[in-house]
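# Structural overview for review
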Number of protein chains: 2
Amino acid sequence: MHPPRLLLDTGSGGKASHRLIKDFFLKHFANEILNRLDDAAILKISGPIAMSTDSYTVTPLFFPGGDIGTLAINGTVNDVAMLGARPLFLSCAFILEEGLEMEVLERIVRSMAQAAAKAQVRIVTGDTKVVPKGAVDQVFINTTGIGEILAQPCPQGHRARPGDAVLVSGTMGDHGLTILATREGLSFEAPIASDCAGLGHLIAKLLKAVPEIHVLRDPTRGGLATTLNEIAGQSGVQCLVREETVPINPVVAAGCSFLGLDPLYLANEGKLVCILPEEHTDQALRIMREDEYGQNAARIGTISNDHPGRVVLQTPLGGHRLLDMLEGAQLPRIC
Amino acid sequence: MHPPRLLLDTGSGGKASHRLIKDFFLKHFANEILNRLDDAAILKISGPIAMSTDSYTVTPLFFPGGDIGTLAINGTVNDVAMLGARPLFLSCAFILEEGLEMEVLERIVRSMAQAAAKAQVRIVTGDTKVVPKGAVDQVFINTTGIGEILAQPCPQGHRARPGDAVLVSGTMGDHGLTILATREGLSFEAPIASDCAGLGHLIAKLLKAVPEIHVLRDPTRGGLATTLNEIAGQSGVQCLVREETVPINPVVAAGCSFLGLDPLYLANEGKLVCILPEEHTDQALRIMREDEYGQNAARIGTISNDHPGRVVLQTPLGGHRLLDMLEGAQLPRIC
């Protein structure tokens with residue numbers, strides 16, 4: 001039996017570590033590769049492959065629409081998928097604070113298992129460290145994912161070209177505002193929830209139908225504005241965004257307005273930006289809208305070479321303003 | 001210019017994050033894959049591959065023989081190599097505490113770059129989170145490594161067979177005692193240092209000469225005793241260790257004796273356990289002893305089927321005692 005709270009010796013590598021691995025991680029994550037419990041996993045995958053890593057430090061651990069576990073699976077699945085790859089395998093490393101309630105850990109592990117099953121990825125190797133009380137805030141999780149490349153050349157941040165259309169797969173800002181509201185105990189006129197979701201399947205469908213896609217990117221930390229700035233910089237192009245075309249949940253829009261936040265800078269955890277040759281716009285939008293995670297997909301802008309490296313927002317009244325990269329921290333520990 | 005201490009907004013995903021990535025990580029880790037700064041890296045590697053992950057939370061950050069950066073590279077390189085693979089690519093994820101001195105971060109990043117160059121691995125993708133003061137103790141690092149399998153069937157923990165010889169590549173306990181002594185300000189009659197080292201090259205040479213090797217494992221947390229117990233359990237065999245044949249630096253032996261510690265339970269970060277058919281023992285020892293990291297290699301025991309799952313220590317006087325897996329935490333935050 002495990003005590004109700006995590007003891008320091010659970011991270012020692014000894015007996016207590018092995019009990020934790022068997023009773024918690026193997027119970028929920030079991031698959032033939034992980035079950036071997038070697039220091040590394042042997043994977044059948046043929047190259048080239050995509051690899052991505054992220055650490056998750058979100059607070060609070062649980063929030064409407066997800067928790068740190070769903071984020072840790074879907075965030076890394078999405079980063080791998082954005083390079084035009086099918087995510088297949090994840091590593092998973094926990095850093096746990098001494099005294100953590102085991103019931104909290106089990107809730108997180110259970111959500112991770114569910115999210116991994118839905119995204120059809122397997123957790124194949126892991127690590128657990130337990131640090132003394134105060135050395136970490138409850139639970140941090142790192143996941144690293146690898147996947148097989150579906151399209152060559154891969155969609156990459158430097159491939160946006162003048163004339164390309166800019167699409168998003170849905171509403172912007174839901175995750176960021178949800179975390180902020182949960183943390184501060186705020187409520188709005190209607191419930192809001194994080195959009196946390198794995199987009200691997202949607203991307204596989206998109207790339208099958210439109211292999212010509214130039215860029216896929218998930219607008220997480222720093223939001224849509226920061227992501228578009230990164231792409232504009234990497235590709236040496238301008239990105240023009242028509243403000244009224246950006247889908248925003250009215251409750252999120254009202255909440256942001258009340259709090260003085262810009263939803264274009266708030267994190268998303270289940271959305272993608274897709275930049276592709278203009279002529280494929282309708283087909284890509286149709287495929288997104290048929291998917292459970294792309295129902296509010298929209299075209300929001302156009303790539304040009306007017307001011308390379310810049311993102312320009314065209315307001316409903318026809319004015320233009322520079323949409324710069326996030327300066328300062330809008331919200332720490334958002335993911 | 002960077003301020004002398006890390007600000008919270010450096011982890012926002014916005015401008016300050018990009019400055020940190022360019023000025024610190026790209027400066028030291030630069031390679032054509034990482035330089036692209038996409039969310040994931042595209043890697044040319046053909047399967048099957050080995051994958052392993054570890055988070056590093058060691059305290060203090062710097063110690064004789066290494067630092068958290070050298071550990072983060074070599075520890076993961078070793079886990080990948082122990083499955084009989086050539087480590088090729090690492091991801092690297094930092095969790096940094098607001099207020100961390102930038103000079104400390106740069107020292108760590110510089111050691112990581114040097115360790116990666118020596119081990120001939122490339123850091124191809126990364127992540128940086130900055131959390132508010134108090135949410136993490138200074139710096140935690142996760143690295144995940146992948147490599148190409150060199151030998152099939154791979155050395156694995158379940159492949160030890162009765163009659164096999166058990167070898168170690170050098171002295172036991174150096175890392176564990178060094179960390180403890182540094183933390184507590186202890187000094188011994190002569191200086192001691194961590195054995196932190198990447199063993200990829202040594203393992204490639206070993207497997208080329210002796211592809212029949214059954215098990216390779218690095219005795220890190222929980223030390224040699226715990227590692228041998230894991231193998232005995234996975235393979236369903238007994239492991240007999242002759243105590244006087246286990247190489248131990250006399251200063252470490254004296255320090256352990258003084259402190260009441262058993263060096264067989266102390267962590268190593270640059271050593272391996274090798275289990276192989278008896279007839280290849282001399283050749284494997286010769287190859288290890290020719291390598292800079294295997295000069296004190298020795299045969300320490302034999303596999304049998306007397307008591308499956310057990311590790312038995314034969315003392316110099318001929319007595320036998322059970323060498324159990326570590327129970328409790330000898331030392332937290334050792335790696």
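Residues numbered from 1 in each chain as written. Chains lettered and ligands numbered in written order. Predicted model: local features only at pLDDT ≥ 70, side-chain atom pairs only at ≥ 80, totals over all residues. Heavy atoms only, no water.

### Examining the sheet that holds strand β9 (residues 215–217) of chain B
Residue and element names in this part refer to chain B. The condition is simple: Strand pairing follows a simple DSSP-based rule, namely that at least 2 bridges must link the two strands. Under the DSSP-based scheme used, a helix requires at least four consecutive residues in state H or I and a strand at least two consecutive residues in state E, with every element numbered from the N terminus. A fitted line through C-alpha atoms serves as each axis, taken over the contacting stretch for helices, and the angle formed by two N-to-C directions is quoted from 0 to 180°.
Judged by pairing direction, the sheet is mixed, and its seven strands sit side by side in the order β9-β11-β8-β12-β10-β13-β14 without closing on themselves. The two strands at the open ends of the sheet, each matched to only one other strand, are β9 and β14 (320–322). Taken over all neighbouring pairs, the strand axes of this sheet differ in orientation by 25 degrees on average, direction set aside. Of the pairings in the sheet, the one linking strand β10 (residues 238–242) to strand β13 (residues 311–314) comprises four bridges and is parallel in character. Within the sheet, the bridge partner assigned to R242 lies in β13 and is Q314.

### Some remarks on helix α4 (residues 174–184) of chain A
For the α-helix, the turn length of 3.6 residues means that residues three or four positions removed from each other point alike. Residue and element names in this part refer to chain A. Rules: Three labels apply to residues, based on accessible area from a 1.4 Å probe with only protein chains included: buried if under 20% of the type maximum, exposed if over 50%, partly exposed otherwise in between. Contacts are residue-level and defined by heavy atoms, with any inter-residue pair within 4.5 Å sufficient.
Of all the eleven residues making up α4, eight are buried; the element is thus mostly covered by neighbouring parts of the structure. Listed in full, the buried residues belonging to α4 are D174, H175, G176, L177, T178, I179, L180 and A181. Residues of α4 that are buried make contact with β3 (62–63), α2 (68–81) and α7 (250–259). Once α4 ends, the next one or two residues include G185, with phi positive near 70 degrees.

### Topic: the relation of the copies chain B and chain A
Note the threshold: Least squares is used to superpose the copies, and the fit set is the C-alpha atoms of residues whose pLDDT is at least 70 in both copies.
Least-squares fitting of chain B to chain A yields an RMSD of 0.0 Å, with the transformation described by 0.0 Å of translation along the axis and a rotation of 180 degrees. What the rotation and shift describe, once combined, is the action of a two-fold rotation axis. For chain B, the smallest separation between a C-alpha atom and the rotation axis is recorded for V136 of chain B, amounting to 2.1 Å.

### Some thoughts on α2 of chain A
Residues and elements named next belong to chain A. Defined as follows: Expected span of a helix, by definition, is 1.5 Å for each gap between consecutive residues, and there is one gap fewer than residues. Side-chain atoms alone can form a polar contact between residues adjacent in sequence; in general such a contact is a pair of N or O atoms within 3.5 Å, and within protein one must be able to donate a hydrogen while the other accepts it.
Taking 1.5 Å of rise per residue, the 14 residues of α2 would be expected to cover 20 Å, and the 20 Å separating its terminal C-alpha atoms lies within 8% of that figure. For α2, the buried fraction is high: 14 of the 14 residues fall into the buried class. With a side-chain oxygen positioned 2.7 Å from the backbone nitrogen of G69, the residue opening α2 is D67.

### Thoughts on the interface of chain B and chain A
To be explicit about the condition: Accessible area, probed at 1.4 Å, shrinks when two parts are joined; the buried area is that loss added up over both. Only one rule defines a salt bridge in this text: a Lys or Arg side-chain nitrogen within 4 Å of an Asp or Glu carboxyl oxygen. Note on residue classes: Ala, Val, Leu, Ile, Met, Phe, Trp, Tyr, Cys and Pro are nonpolar, Asp, Glu, Lys and Arg are charged, and everything else, Gly too, is polar.
The interface is formed by 75 residues belonging to chain B together with 75 residues belonging to chain A. Roughly 6000 Å² is buried in total at the junction of chain B and chain A, and carbon and sulfur atoms are behind 58% of that figure. Linking chain B with chain A are six salt bridges. A salt bridge links R221 of chain B to D127 of chain A; its shortest N-O distance comes to 3.0 Å. The interface formed by chain B and chain A holds 27 residue pairs in polar contact (both at pLDDT 80 or more) in total. Within the residue set of the side of chain B that touches chain A, elements represented by two or more residues are α1 (15–29), β1 (41–43), β2 (49–56), α2 (68–81), β5 (85–97), β6 (122–131), β7 (139–149) and α6 (223–235) of chain B. The residue inventory of the side of chain B that touches chain A, partitioned by class, reads 32 nonpolar, 25 polar and 18 charged. For strand β2 (residues 49–56) of chain A and β1 of chain B, the ladder comprises three bridges, and the chain directions are antiparallel.

### Some details on the domain arrangement of chain A
Accessible area lost upon the coming together of the parts serves often as the stated size of an interface. Residue and element names in this part refer to chain A. To be explicit about the condition: Domain borders in the structure are assigned automatically or taken from a domain database.
Structurally, chain A comprises domain 1 (8–149) and domain 2 (165–322). Computed over C-alpha atoms only, the centres of domain 1 and domain 2 are separated by 27 Å. In this complex, domain 1 contributes 22 residues to the contact, which on the side of domain 2 involves 26 residues. Regarding the contact of domain 1 and domain 2, the summed buried area is about 1700 Å², with carbon and sulfur atoms giving 61% of it. Counting the contacts that link domain 1 with domain 2 gives one salt bridge. Across the pair E292 and K118 runs a salt bridge, and its minimum N-O distance is 3.3 Å. Summed over the shared surface of domain 1 and domain 2, the result is nine residue pairs in polar contact (both at pLDDT 80 or more). Broken down by secondary-structure element, the contributors of at least two residues to the side of domain 1 that touches domain 2 are β3, α2, β5 (85–97) and α3 (102–119).

### Some words on the sheet that holds β2 of chain A
The strand order across the open sheet formed by five strands is β6(A)-β5(A)-β7(A)-β2(A)-β1(B), and the pairing between neighbours is mixed. Each edge of the sheet is formed by a strand with only one pairing partner; in this case those strands are β6 (122–131) of chain A together with β1 of chain B. Across the sheet, the axes of successive neighbouring strands diverge by a mean angle of 20 degrees, strand direction being ignored. Relative to strand β7 (residues 139–149) of chain A, β5 of chain A runs antiparallel, the two sharing eleven bridges. What sits directly across from F89 of chain A, in β7 of chain A, is I146 of chain A.

### A few points about the nonpolar core
Cut-off, in case you're wondering: Remark: nonpolar core denotes a set of buried residues (Ala, Val, Leu, Ile, Met, Phe, Trp, Tyr, Cys) joined through side-chain atoms within 4.5 Å.
Core analysis: the biggest nonpolar cluster contains 53 residues, and F29, I73, F94, L105, M112, I141 and L177 of chain A have the highest contact counts within it. If you list the elements that add at least two residues to this core, you get α1 (15–29), α2, β5, α3, β6, β7, α4 and α7 of chain A. With ten residues, the single largest contributor to this core is α3 of chain A. For M112 of chain A, the contacting residues outside a window of four places in its chain are F29, G69, A72, I73, C92, F94, I141 and T143 of chain A. Among the nonpolar cores identified, the runner-up in size contains 52 residues, and F24, Y56, A72 and V252 of chain B belong to it.

### Remarks on a nonpolar patch on the surface
So the rule is basically this: What goes into a patch is any residue over 30% in relative accessible area without a salt bridge, connected to like charges within 9 Å or, for nonpolar side chains (Val, Leu, Ile, Met, Phe, Trp, Tyr), within 5 Å. Note that accessible areas follow from Shrake-Rupley with a 1.4 Å probe, and for residues the cover is restricted to the protein chains shown.
A cluster of nonpolar residues, L186, F258 and L259 of chain A, forms a patch on the protein surface that exposes about 300 Å² of accessible area. L259 of chain A sits in the partly exposed class, given a relative accessible area of 31%.

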